[in-house]
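Structural overview
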Amino acid sequence: FSNGASISKRRTESSKFEKFDGGSAVTDSALPYLVTLARASAALEKGFIIQQCYNKAEVVTHNVLFTVPKNEKEDRIAAKEPDWNMYFQKGLGSMIRKRLRKAGIDLNDQSRNRKLAQLGSIDGSLSTIDLSSASDSVTEQLVYELLPQDWFHHLSNLRSKQGQLLDGSSHTWVLFSTMGNGFTFELESLIFFALAKSITYHFGVKGQVSVYGDDIIVPTGASSQLIHFLGYCGFITNKEKSFTTGFFRESCGGHFYKGIDVTPIYIRRPINSYPDLIGIINKFRCWSGVNTLGIND
């Protein structure tokens with residue numbers, strides 16, 4: 001279990017102990033996985049605990065939408081998943097992470113994307129591409145077309161096919177998985193990596209490909225083809241945050257101009273105390289010190 005909110009637990013009561021000890025929820029299509037887990041764990045030391053969870057599980061039909069602040073202007077929409085769906089979703093997400101590491105994509109580390117973005121800002125060999133509402137644009141049909149049937153079968157069984165909207169009404173999802181699903185980030189990373197690699201292979205463009213969620217890095221010679229292909233698959237490129245020409249590149253929060261780190265200072269909350277003020281001043285001093293090397297136009 002994660003320590004995030006679920007259908008039956010608020011974030012303030014979402015520890016692993018409380019999720020195991022209290023009531024829980026599961027969708028009908030994910031229930032067979034819980035039955036299998038309960039039977040397989042019967043002979044284990046934790047078998048009794050899981051059996052108790054199984055006995056208390058309530059079958060539900062949907063996840064539940066909520067919002068969290070994205071910035072000062074808007075909120076981000078996410079969904080609370082049924083407890084056991086999330087449990088199994090995180091297992092599939094972990095498996096996808098392991099598979100991607102074999103291809104050189106480590107979703108536990110953003111530094112590779114930053115280093116490649118820095119390289120692209122120096123010689124223009126690599127482009128950074130960012131998408132708008134990427135996870136909300138991964139449709140069920142796209143996943144069906146791209147993934148092996150057994151992968152699609154299990155991912156589909158463990159996702160929430162319906163959602164309860166903010167006004168309490170029910171909605172059938174066309175997107176495959178919402179933010180809050182335990183494998184959404186890994187699945188979108190896998191899809192974008194596969195699409196980017198297929199483009200470089202098809203057009204014979206050599207160079208490194210890297211992804212971290214919807215932060216995509218490809219050889220500049222394949223960037224326009226990839227953007228077109230992503231549009232065909234239903235994804236909208238964020239033109240303000242995608243860089244294919246010039247000397248500026250940005251990926252995974254790292255901003256680079258001609259190889260120099262120009263990542264800005266972020267003031268994410270009001271400065272209400274002297275320690276807050278000192279912290280901000282120190283950030284500015286460090287930032288200006290790093291950038292005293294100078295940038296030539």
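So, here is what we can say about the structure in this document. (Residues numbered from 1 in each chain as written. Predicted model: local features only at pLDDT ≥ 70, side-chain atom pairs only at ≥ 80, totals over all residues. Heavy atoms only, no water.)

To continue, consider the overall build of the protein. What the protein contains, in helices and strands, is ten helices and 14 strands. Across the 297 residues in the protein, those meeting the buried criterion constitute 41%. Working note: accessible area of the protein is about 16600 Å², and carbon and sulfur atoms make up 55% of it. (Helix = DSSP H or I, 4+ residues; strand = E, 2+ residues; numbered from the N terminus. Buried < 20%, exposed > 50% of the residue type's maximum accessible area, 1.4 Å probe, protein only. Areas by Shrake-Rupley, 256 points an atom, 1.4 Å probe, with all protein chains shown as cover.)

With that settled, consider the sheet that holds strand β14 (residues 260-261). Strand order in this open sheet of three strands is β12-β13-β14, and the pairing throughout is antiparallel. Because the sheet does not close on itself, it has two edges, and the strands there are β12 (248-251) and β14. (Pairing = 2+ DSSP bridges.)

What follows is about the sheet that holds strand β10 (residues 215-219). Pairing is antiparallel in the open sheet, where three strands are placed in the order β5-β10-β9. Looking at which strands have only one partner, the edges of the open sheet turn out to be β5 (126-129) and β9 (210-212). The average undirected angle you get between the axes of adjacent strands in this sheet is 15 degrees. Relative to β10, β9 is paired through three bridges, and the arrangement is antiparallel. Counted as the bridge partner of serine 210 is isoleucine 217 from β10. (Axes fitted to C-alpha atoms, helices over the stretch in contact; angles between N-to-C directions.)

Attention now goes to the environment of proline 82. Tracing the sequence through the fold places proline 82 in the loop between β4 (75-80) and α4 (83-102). With relative accessibility at 0%, the residue proline 82 sits in the buried group. Distance from proline 82 to serine 160, taken between C-alpha atoms, is 8.1 Å for residues 78 residues apart in sequence. Among all residues touching proline 82, those that are not within four sequence positions of it are Ile7, Ala25, Val26, Thr27, Val60, His62, Asn63 and Ser160. (Contact = heavy atoms within 4.5 Å.)

Turning our attention to unusual backbone geometry. Phi is positive for serine 133, close to 50 degrees, though the residue is something other than glycine. Position of serine 133 relative to the elements: it lies in the loop between β6 (131-132) and α6 (140-146). Non-glycine residue cysteine 252 carries a positive phi angle of around 55 degrees. You can see cysteine 252 is positioned in the loop between β12 and β13 (254-257). Judged by its relative accessible area of 7%, cysteine 252 is buried.

Let's shift gears to the pairing of β4. Relative to β4, strand β3 (residues 63-69) is paired through six bridges, and the arrangement is antiparallel. Residue pairing across strands places leucine 65 opposite alanine 79, the latter belonging to β4. Where β3 folds back on β4, the antiparallel hairpin that results is connected by five residues.

So, about the pattern of salt bridges. Tallying each qualifying case throughout the model produces three salt bridges. Between glutamate 140 and arginine 159 there is a salt bridge, with its nearest N and O atoms 3.2 Å apart. Here arginine 159 lies in the loop between α7 (149-158) and β7 (162-164) and glutamate 140 lies in helix α6, a separation of 19 residues in the sequence. Residue aspartate 276 pairs with arginine 269 through a salt bridge whose shortest N-O separation is 3.9 Å. Given a relative accessible area of 23%, aspartate 276 falls into the partly exposed group. (Salt bridge = Lys/Arg side-chain N within 4 Å of Asp/Glu carboxyl O.)

Within soluble globular proteins, side chains that are nonpolar generally end up buried alongside one another. One finds Ile191, Phe192, Ile216, Leu230 and Phe235 to be the most contacted residues of the largest nonpolar core, which totals 44 residues. Broken down by secondary-structure element, the contributors of at least two residues to this core are α2 (31-40), α4, α6, α7, α8 (184-203), β9, β10 and α9 (223-232). In contact with leucine 230, not counting residues within four places along its chain, are Ile129, Leu131, Phe192, Leu195, Ile216 and Phe235. Listed in part, the five residues of the second largest apolar core include Leu116, Ala117, Leu126 and Ile217. (Core = buried A, V, L, I, M, F, W, Y, C linked by side-chain atoms within 4.5 Å.)

Within the secondary structure, serine 156 is located in helix α7. What makes serine 156 buried here is its relative accessible area of 7%.

Purely geometric stuff here, so don't read any function into it on its own.
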